[in-house]
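Here's the letter readout for the chains.
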Amino acid sequence: MKILKFGGSSVATPARIQSVIEITKPYLGSDVAIVFSAFGGVTDQLIQISTLALEGNLEYKQKLEQLQKRHLDAVRELIGVQKQSGILAQVKIKINELEDVLHGVYLVKERTARTLDYIMSFGERLSAYIIAEVMKDQGIAAEYLDARTVIRTDNQYGYAKVDFETTNKQIIDHFKHHQDVQIITGFIATSESGETTTLGRSGSDYTAAIFAGALHASDLEIWTDVDGMMTADPRLVKKAFTVPQMSYEEAMELSHFGAKVIFPATMQPAMINHIPIWIKNTFNPGFVGTVIHAESSNGKLIKGISSMNNVSLLNVQGSGLLGVVGVSMRLFATLAREKVSVILISQASSEHSICIAIESQYARVAKTAIEKEFVNEIRNEEIDEVQVEGELSIVAVVGDGMKHSPGTSGRMFAALGKNGINVAAIAQGSSERNISAVVKQADVAKALNALHEAFFLSDRKVLNLFLVGTGLIGTALINMIEEQFAKLASENLLEVNVVAVANSKKMLFDENGLSLKKSINDMKEKGEAMNMYSFMAKMFSLNLPNSIFVDCTSSQEVTDFYEAILTANISIVTPNKKANSGSHEKYRLLRSTAFKRGAKFFYETNVGAGLPVINTLNDLLLSGDKVISIEGVLSGTLNYIFSTFTEGKKFSEVVKEAKAKGYTEPDPRDDLSGLDVARKILILSREAGLSLELADIHIQNLVPADCQGDMSGDQFFSALQKHDAEFEKLRAQAAAKKEKLRYKAVLCDGKVKVELGSVTEQHPFYSLSGSDNIILLTTERYQERPMVIRGPGAGAAVTAAGVFADIIRIGHYTK
Ligand code: ADP
Ligand code: ASP
Ligand code: MG
């Protein structure tokens with residue numbers, strides 16, 4: 001004998017019902033019985049309709065009408081015309097019965113748990129009845145069985161307890177006298193006094209297990225809408241995958257902590273009778289799914305991660321708790337009396353406080369009851385008032401394998417910590433089969449994904465990027481990510497997901513990753529209006545693990561948000577110099593915020609584009625070296641200008657040419673002013689430990705006084721022309737000494753200056769050509785010959801490559 005059970009999601013539409021019938025066909029030749037849930041969503045609708053009636057809202061009638069229509073339509077669609085009328089009449093009779101009860105609720109404004117169970121029973125009674133008729137119409141020897149005739153329970157409405165002795169007897173007896181395939185209502189039963197009861201929400205799984213147990217079935221198959229029991233809820237964790245097998249205990253623990261795919265009590269009858277439970281997908285019937293049986297398997301540390309929302313923590317604390325025997329007993333007795341079930345307990349070994357997690361709906365009742373129980377202790381200030389913290393969730397990692405393997409909790413809390421998820425309470429079951437943590441409900445998806453990554457994809461990492469700025473660098477970066485995607489995934493085990501792109505006008509988000517190269521166009525075409533506040537709000541509310549904010553703008557405004565971003569535990573990578581070259585106060589604050597939050601703030605491309613300047617400097621300092629001086633040519637533009645400014649050329653022509661080639665800022669004065677170079681050397685000096693401000697730097701502005709101020713490009717060049725002779729004089733003077741002009745940045749003796757100077761043939765700057773940069777680091781270790789870092793120091797491609805490298809570094813860190 002096999003018992004099959006199809007859930008609401010498998011019978012949500014007539015088309016689904018037909019495919020379920022196809023799935024059952026191969027089983028029909030041998031012994032089989034089939035349990036059905038209500039059509040998808042119907043139980044919720046029944047509750048909703050009765051709530052409307054209870055509130056005196058006549059809208060309940062329309063909703064009931066819709067519910068009736070849904071069932072009648074299913075009959076019309078699935079059953080031949082000749083047979084329809086009798087069945088339609090039966091459906092209407094049932095709905096009339098339901099209508100009478102609802103009318104009663106409406107009149108007396110009361111809906112007891114008993115009435116609610118009765119109301120909910122119509123879902124399964126209608127679905128199993130209709131499906132049985134459809135099967136009969138298709139020539140299958142099927143028979144409708146209202147499980148209330150065989151399953152006997154106590155009268156705890158809403159979650160009735162099964163009387164197995166009577167139930168098993170009645171089931172066996174029933175099957176003795178019924179040869180046709182039984183089409184059974186899930187979820188419902190009858191109390192001793194003959195009232196309708198239910199087994200708890202999602203209880204149809206349990207119904208199937210009860211039949212399997214009574215009939216000593218060889219297998220129990222739970223057919224649902226996913227590929228079996230997965231490593232986590234696939235709705236919340238996109239990368240979840242099927243667990244091929246697990247033990248009854250593991251399945252029980254996972255479902256107890258929220259894995260809705262199977263009802264926790266289902267495992268009991270199956271376990272006692274050694275019946276394997278198969279979880280299979282009606283949308284993918286060929287797939288084996290999961291088998292739940294006695295053994296655990298294959299040395300996997302954990303099998304799954306689950307979560308449960310709407311949890312509150314009650315914190316009972318005070319000196320009165322210390323060493324006083326019986327306090328916990330009274331506490332739990334009080335909760336039991338109020339029928340509040342405790343999901344998790346954690347007590348500090350100081351015995352100073354007890355922390356209890358319960359469903360939020362009971363928080364108020366529980367607090368009142370506990371404070372009443374301990375009224376004297378509270379009055380004597382031995383126990384404080386009960387503190388309640390709501391809007392929490394429990395995340396649990398479950399697996400038989402964690403027993404005797406140290407390090408599970410370490411890995412769990414490291415993963416949560418790295419993602420800035422605060423843990424309010426922790427508990428480990430004494431079975432060592434689960435560790436659960438209480439976190440903010442807003443963090444639950446992030447927590448699940450972070451844990452999933454840590455335990456199941458441990459050497460695989462998804463980085464979620466939020467990119468602002470789609471100019472040359474931003475665009476080059478996206479292209480690079482696309483080109484490197486496959487290689488990164490296979491060699492570095494990193495997946496780069498671009499979740500958002502924005503420019504100054506538009507922004508576009510997709511949690512699952514935008515299509516890389518197309519993303520910028522998509523953003524321009526269908527993005528929403530951009531402003532940093534909404535961008536941040538969206539980024540925060542997505543709350544994705546391993547989030548990185550990439551600022552490829554040169555905007556001051558964007559950097560004003562860095563502190564908030566780091567505070568939200570989101571790392572930042574940027575070539576934008578504005579943040580680090582603003583006030584020293586801000587520079588310091590960003591570092592300490594990043595440090596406190598465990599977020600990363602990387603900006604290697606602030607100086608020398610992709611050249612490894614900042615990292616090299618930091619590595620030297622970290623290993624105990626000390627900076628004596630730093631000297632550099634830090635502007636690719638100015639280096640291009642001065643290395644092209646040779647005999648016979650006019651300075652203004654050279655600048656014009658550089659602009660035409662795209663080497664300068666749109667306004668070349670932004671380069672010639674020296675400000676950009678000053679910002680770079682300021683950042684380097686701060687990295688070296690100096691608390692300097694931009695104003696402390698002596699800057700030689702190469703823009704002559706009469707070329708400053710408001711003027712067009714042409715006006716500027718004709719004004720600059722008038723100074724060609726002065727620049728030529730400087731060049732000739734240098735050339736006479738066999739020297740060359742270079743715009744240098746120098747840090748020495750705690751002082752910083754940027755200025756035009758000349759260098760001798762022996763100087764490393766002499767031969768610097770094109771738009772290259774060079775940095776000489778003179779340190780205690782590199783005193784005789786400074787360390788030289790030299791190479792292309794400008795351009796979108798090398799800068800994007802540097803940004804990309806910073807992103808990858810974060811990826812390796814979070815592993
Ligand atoms: P049915 O209607 O078949 O009873 P349910 O909605 O009760 O289906 O249960 C199936 C759902 O359980 C899935 O769609 C999935 O979102 C959820 N679920 C939660 N945790 C898990 C898990 N670990 N594995 C598979 N599904 C899970
Ligand atoms: N129909 C019931 C519910 O929605 C039982 C079930 O689907 O298992 O809770
Ligand atoms: Mg279910």
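One can find the structure itself at the top, above this paragraph.
Residues numbered from 1 in each chain as written. Chains lettered and ligands numbered in written order. Predicted model: local features only at pLDDT ≥ 70, side-chain atom pairs only at ≥ 80, totals over all residues. Heavy atoms only, no water.

Undergrad: Explanation requested: the site of ligand 2 in the structure shown.
TA: Taken together, the residues surrounding ligand 2 are S37, T43, E124, F187, R201, S202, G203 and S204. In this structure, G203 approaches ligand 2 through a main-chain N or O atom, which is 3.4 Å from an oxygen atom. Taken by itself ligand 2 offers 260 Å² of open surface, and the protein chains cover 86% of this. Class assignment of the residues belonging to the shell around ligand 2 gives a composition of 1 nonpolar, 5 polar and 2 charged. (Near = heavy atom within 4 Å. Polar contact = N/O pair within 3.5 Å; in protein donor to acceptor, adjacent residues only side chain to side chain. Areas by Shrake-Rupley, 256 points an atom, 1.4 Å probe, with all protein chains shown as cover. Nonpolar A, V, L, I, M, F, W, Y, C, P; charged D, E, K, R; others polar.)

Undergrad: Help me understand the site of ligand 1, please; the structure alone is not making it clear to me.
TA: In the region of ligand 1, 18 residues are neighbours, and T224, D225, M230, D233 and R235 sit closest. Between ligand 1 and the protein, one listed contact pairs an oxygen atom with a backbone N or O atom of S9 at 3.1 Å. Contact distances for ligand 1 include 2.9 Å between an oxygen atom and a side-chain N or O atom of D225. Summarising the interface, the protein chains cover 93% of the accessible area of ligand 1, which totals 570 Å² for the free molecule.

Undergrad: In this structure, what is going on with the sheet that holds strand β3 (residues 142-145)? I would like to understand it.
TA: Pairing between sheet strands relies on hydrogen bonds along the backbone, with the strands arranged either parallel or antiparallel. Taking strand neighbours across the sheet as the criterion, the 8 strands line up as β3-β5-β2-β1-β8-β10-β11-β9 in an open arrangement whose pairing is mixed. Bordering the open sheet on either side are β3 and β9 (245-247), each of which pairs with just one other strand. Strand-to-strand twist of the sheet, defined as the mean angle between neighbouring strand axes without regard to direction, takes the value 20 degrees. For strand β2 (residues 32-36) and strand β5 (residues 181-185), the ladder comprises 4 bridges, and the chain directions are parallel. Residue pairing in the sheet places F36 in a bridge with T185 of β5. Taken strand by strand, helix α5 (residues 113-137) contacts β2, β3 and β5, and its axis lies near 170 degrees from that of β3. Taken strand by strand, helix α8 (residues 248-256) contacts β9, β10 (277-281) and β11 (290-293), and its axis lies near 85 degrees from that of β9. (Pairing = 2+ DSSP bridges. Helix = DSSP H or I, 4+ residues; strand = E, 2+ residues; numbered from the N terminus. Axes fitted to C-alpha atoms, helices over the stretch in contact; angles between N-to-C directions. Contact = heavy atoms within 4.5 Å.)

Undergrad: Looking at this structure, I do not really get the packing of helix α21 (residues 614-622) against helix α25 (residues 675-687). What am I missing?
TA: For the pair α21 and α25, interaxial distance at closest approach is 10 Å and the crossing angle is 20 degrees. Overall, the two elements α21 and α25 adopt an arrangement that is roughly parallel. The hand of the α21/α25 crossing is right-handed. Residues I614, L617, N618 and L621 of α21 touch α25, and the partners they reach there are I683, L684 and E687. Residue classes in the contact of α21 with α25 are distributed as 5 nonpolar, 1 polar and 1 charged. (Parallel < 35°, antiparallel > 145°, perpendicular 65-115°, else oblique. Left-handed = near helix turned anticlockwise from the far one by under 90°.)

By themselves, these observations are geometric and do not establish any function.
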